[in-house]
Amino acid sequence: MECVLTVSNLAKQYGNKNAVSDVSFHVERGEIVGLLGPNGAGKTTTINMILGVLEPTSGSVQIEGLDLATHRSQALSRTNFAAVYAPLPGNLTVAQNLRIFGMIYTVSQLSARIETLLDQFNLQHLRNTKMGVLSSGEQTRACLAKAMLNEPTLLLLDEPTASLDPATARDIRAQIRAFAARNIGGVLWTSHNMLEVQEVCDRVLFLSAGKILLEGDPRKLPAEHGQPSLEELFIAVAHEPCSLEGSST
Amino acid sequence: MSRMSNVNLRRSAAVVLRQYYLLRSSPVRLLPIFIWIGIDILLWGFITRYLNTVAHSGFNFVPALLGAVLMWDFFVRIMHGIATAFFEDVWTRNFLNFFATPLTVTEYVIGLVVTSIGTSIFGLLLMVLIAALFFGLSILSYGTVVAAFLLSLFLFAIGIGVLACAIVLRYGPAAEWFVWPIPAIISPLACVFYPVAVLPKWMQILAHLLPPSYVFESLRAVSAGQPPQLLGLLISGILSLLYIAAAGWVFTTVFRHALRSGLIARYSAESVN
């Protein structure tokens, strides 16, 4: 399988504090990889470094073989993201936001692409509504439509289903799975919903105190570590990371 | 390959389009483009008319003072136009969305500058119209040298505007208060209304480091029927280009600092310490 993301020995230090230490992993085309860990584990720091908005202290990020540090613009043109903490400007409409970001990603036949995404994410009736007045679920759908504009080879999703009702969350998961199934790109996904992770992700990485503690199939990993479920394994990682350190599969 | 050769103007156009959408949908944003400069020209127009009636010196204050106000407002409008376009991204916490894309700093700044040119041209036209209709001042009365006046002030305004954006990027949204009075801080040394010679010696040195001081010296000379001070205008143009280069360097340095510190991703925190 072809790697769309290769993270090598990534580290970020703030003064004497290691936010992320020596993190290495990859994401393959068509794969959904879950990046899991308790609050403050370094998930968002890692994603921010992959998005190029945070410079690593050391290590490298390669997107489709392009080094982010030296080919920033080309590398980022192959990515896109949606995060609950990065809403699109609330004073522009859904369609206006899609057009602006489509131009930034230099999407060809942009008008047609916008129409496709408005249909795909059930946003046609909201196209002229300002983002700021949409519900959480509608905003998430609009952000995901933005994230799909350039058909990214690397899609980064930081808690995309946080604060969504179960029905909307299920629709979003289906959209992401459909994206991965098309084998256009890979997905790096963070979530605190372990049932969701088990359902969606092909592989998970457990991050704790800035280090990867565990890696494997989310459906097999709990049993391999003597835990009844992924949620229990998550709690064990959060409470007793030392007991699991070095047991990465 | 040079930085400029990597610029994709479609991405800069996206920054401009965003501002166009905002202006189109909001009279609150459109009014300040016209209202303050309109009031300024009217106010100074009547002051100069009054001075002409009481001075009895034969000196026409309209081209010297009202022309200076028009030029200075043009500078302020361009500078504030860049800053305001930048603030739209501050106010909506849009940095993460923008800078996690292929958009480069150069493309972004080009977008801000083009936006400012667009809005300022309308402001300039309004000022020229009011000055001509109400006070009989035609900017063409200065001759072709008026193009040099406007160009130098335009370039300096870009430099100061980009520098102002760098200050806010570095120190967070609260630094916005510092940006609005920048023209007022500069104006005593820019010698908009009086010759550089009236300043104390140490202030004259500072005034000569500011491109507008040469523009307004030349404007006063032309208003008095003397030839324009071409050498001064040349120095002014060169200084303005140096200010742009310095501002670009400062903005890029601040942006890199923001990437290292994580400030771009957590901008509302103002600092990561």
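Procedures and definitions
Residues numbered from 1 in each chain as written. Chains lettered and ligands numbered in written order. Predicted model: local features only at pLDDT ≥ 70, side-chain atom pairs only at ≥ 80, totals over all residues. Heavy atoms only, no water. Helix = DSSP H or I, 4+ residues; strand = E, 2+ residues; numbered from the N terminus. Polar contact = N/O pair within 3.5 Å; in protein donor to acceptor, adjacent residues only side chain to side chain. Axes fitted to C-alpha atoms, helices over the stretch in contact; angles between N-to-C directions. Parallel < 35°, antiparallel > 145°, perpendicular 65-115°, else oblique. Left-handed = near helix turned anticlockwise from the far one by under 90°. Contact = heavy atoms within 4.5 Å. Expected span 1.5 Å × (residues − 1). Buried < 20%, exposed > 50% of the residue type's maximum accessible area, 1.4 Å probe, protein only. Patch = residues over 30% accessible without salt bridge, like charges linked within 9 Å, V, L, I, M, F, W, Y side chains within 5 Å. Areas by Shrake-Rupley, 256 points an atom, 1.4 Å probe, with all protein chains shown as cover. Salt bridge = Lys/Arg side-chain N within 4 Å of Asp/Glu carboxyl O. Pairing = 2+ DSSP bridges. Buried area = accessible area lost by both parts, 1.4 Å probe. Phe/Tyr/Trp six-rings, centres within 6.5 Å; stacked < 30°, edge-to-face > 60°. Lys NZ or Arg CZ within 6 Å of the ring centre and 35° of its normal. Core = buried A, V, L, I, M, F, W, Y, C linked by side-chain atoms within 4.5 Å. Right-handed = clockwise from strand over helix to strand, strands pointing away. pLDDT = per-residue confidence, 0-100.

1. Some words on the environment of Ser141 of chain B
Residues and elements named next belong to chain B.
Next up, step 1: You can see Ser141 is positioned in the loop between α5 (105-135) and α6 (145-171).
Next up, step 2: Residues Ser141 and Val222, 81 residues apart in the sequence, show an inter-C-alpha distance of 9.2 Å.
Next up, step 3: At a separation of 2.5 Å, a polar atom in the side chain of Ser141 contacts the main-chain carbonyl oxygen of Ser138.

2. Remarks on the packing of α5 of chain B against α6 of chain B
Residues and elements named next belong to chain B.
Next up, step 1: For the pair α5 and α6, the least separation of the axes is 11 Å and the interaxial angle reads 130°. Considering the angle they form, α5 stands oblique to α6. Between α5 and α6 lies a crossing whose hand is right-handed. Residues Val109, Leu112, Val113, Ile117 and Leu124 of α5 form the contact with α6, whose participating residues are Leu150, Phe154, Ile158, Val162 and Cys165.

3. With respect to helix α5 (residues 136-148) of chain A
Residues and elements named next belong to chain A.
Next up, step 1: Over its 13 residues, α5 extends 18 Å from the first C-alpha to the last, a length consistent with the 18 Å expected when each residue adds 1.5 Å.
Next up, step 2: With 10 of 13 residues buried, α5 is to be regarded as a mostly interior element.
Next up, step 3: All of the buried residues along α5 are Gly137, Thr140, Arg141, Ala142, Cys143, Leu144, Ala145, Lys146, Ala147 and Met148.
Next up, step 4: The secondary structure elements touched by the buried residues of α5 are β6 (79-83), α3 (94-104), α4 (110-120), β7 (154-158) and α6 (166-181).

4. Considering a nonpolar patch on the surface
All names here are of chain B.
Next up, step 1: Nonpolar side chains collect at one region of the surface, where Leu42, Phe46, Leu129, Leu133 and Phe134 lie side by side and expose about 510 Å² of accessible area between them.
Next up, step 2: Only α2 (27-55) and α5 provide two or more residues apiece to the nonpolar patch.
Next up, step 3: With three residues, the top contributor of residues to the nonpolar patch is α5.
Next up, step 4: Among the secondary structure elements, Leu42 is positioned in helix α2.

5. Things to note about the sheet that holds strand β4 (residues 58-63) of chain A
Residues and elements named next belong to chain A.
Next up, step 1: Taking strand neighbours across the sheet as the criterion, the four strands line up as β2-β1-β4-β5 in an open arrangement whose pairing is antiparallel. Of all strands in the sheet, those bounded by a partner on one side alone are β2 (17-28) and β5 (66-67).
Next up, step 2: Helix α1 (residues 43-50) contacts β1 (3-14), β2 and β4 of the sheet and is inclined by roughly 120° relative to β1.

6. Observations regarding the interface of chain B and chain A
Interface size, as often reported, equals the accessible area lost upon joining of the parts.
Next up, step 1: Tallying the contact residues gives 33 residues for chain B and 34 residues for chain A.
Next up, step 2: Summing both sides of the interface, chain B and chain A together bury roughly 2,800 Å²; the carbon and sulfur share of this comes to 61%.
Next up, step 3: The tally of links from chain B across to chain A stands at zero salt bridges.
Next up, step 4: Linking chain B with chain A are seven residue pairs in polar contact (both at pLDDT 80 or more), by the criterion used here.
Next up, step 5: Those elements that place two or more of their residues in the side of chain B that touches chain A are α1 (9-25), α4 (95-99) and α11 (230-261) of chain B.

7. Structural notes on the packing of aromatic side chains
Next up, step 1: On inspection of all chains with the given rule, the structure shows 22 aromatic pairs over all chains.
Next up, step 2: By the ring-pair criterion, three or more aromatic residues cluster together here, those being Phe101 of chain A together with Phe86, Phe87, Trp91, Phe95, Phe98, Phe99, Tyr108, Trp180, Phe251 and Phe255 of chain B.
Next up, step 3: Lying across the ring of Phe101 of chain A, Lys146 of chain A places its NZ or CZ 5.5 Å from the centre.
Next up, step 4: The positively charged end of Arg170 of chain B is found above the aromatic ring belonging to Tyr171 of chain B, 5.1 Å away from the centroid.

8. A few points about the nonpolar core
Next up, step 1: Ranked by size, the top nonpolar core spans 171 residues in total, and within it Leu5, Ile176, Leu188 and Phe206 of chain A together with Phe86 and Phe149 of chain B carry the most contacts.
Next up, step 2: With 18 residues, helix α3 (residues 61-91) of chain B is the single largest residue contributor to this core.
Next up, step 3: Residue contacts for Phe149 of chain B: discarding those within four places in its chain leaves Met71, Tyr142, Val215, Ser218, Leu219, Val222 and Leu233 of chain B.

9. Concerning the environment of Gly172 of chain B
Next up, step 1: Topologically, Gly172 of chain B is positioned in the loop between α6 and α7 (176-179).
Next up, step 2: The spacing of Gly172 of chain B and Ile186 of chain B is 14 residues in sequence and 22 Å in space, taken between C-alpha atoms.

10. Quick notes on α3 of chain A
All names here are of chain A.
Next up, step 1: Most of α3 is tucked away, with 10 of its 11 residues classed as buried.
Next up, step 2: Considered for burial, the residues of α3 that qualify are Val94, Ala95, Gln96, Asn97, Leu98, Ile100, Phe101, Gly102, Met103 and Ile104.
Next up, step 3: Downstream of α3 by a residue or two, Thr106 has a phi angle that is positive, lying close to 45°.

11. Points about unusual backbone geometry
Next up, step 1: With phi around 55°, Asn122 of chain A is a residue other than glycine that occupies positive phi space.
Next up, step 2: Even without being glycine, Cys191 of chain B reaches a positive phi, approximately 55°.
Next up, step 3: Structurally, the position occupied by Cys191 of chain B is in the loop between α8 (182-190) and α9 (201-207).
Next up, step 4: A residue is classified by how much of its surface remains accessible, and Cys191 of chain B, at 0% relative accessible area, is buried.

12. Quick notes on the pairing of strand β8 (residues 186-190) of chain A
All names here are of chain A.
Next up, step 1: Extensive coverage of β8 is indicated by the burial of five of its five residues.
Next up, step 2: Pairing of strand β3 (residues 32-36) with β8 involves four bridges; the strand directions are parallel. Within β8, the residue paired with Val33 across the bridge is Leu188.
Next up, step 3: Of the crossover connections in this fold, the one passing from β7 over α6 to the parallel β8 is right-handed.

13. Quick notes on the sheet that holds β3 of chain A
Residues and elements named next belong to chain A.
Next up, step 1: Reading across the sheet, the six strands line up as β6-β7-β8-β3-β9-β10 and stay open at both edges, with mixed pairing between neighbours. Two strands lie at the open edges of the sheet, namely β6 and β10 (211-216), each paired on one side alone. When the angles between neighbouring strand axes are averaged without regard to direction, this sheet yields 20°.
Next up, step 2: Here five bridges tie β6 to β7, and the two strands are oriented parallel to one another. For Asn80, the partnering residue across the bridge sits in β7 and is Leu155.
Next up, step 3: Across the sheet, α1 touches β3, β7, β8 and β9 (203-208), and the angle it forms with β7 is around 150°.
Next up, step 4: Its contacts with the sheet put α6 on β3, β7 and β8, and the angle it makes with β8 is roughly 150°.

14. Some words on the confidence of the model for chain A
Next up, step 1: A residue-level look at chain A finds 96% of positions with pLDDT of 70 or above and a mean pLDDT of 92.
Next up, step 2: For chain A, per-element mean pLDDT is lowest for helix α10 (residues 241-244) of chain A, which scores 63, and highest for α3 of chain A, which scores 98.

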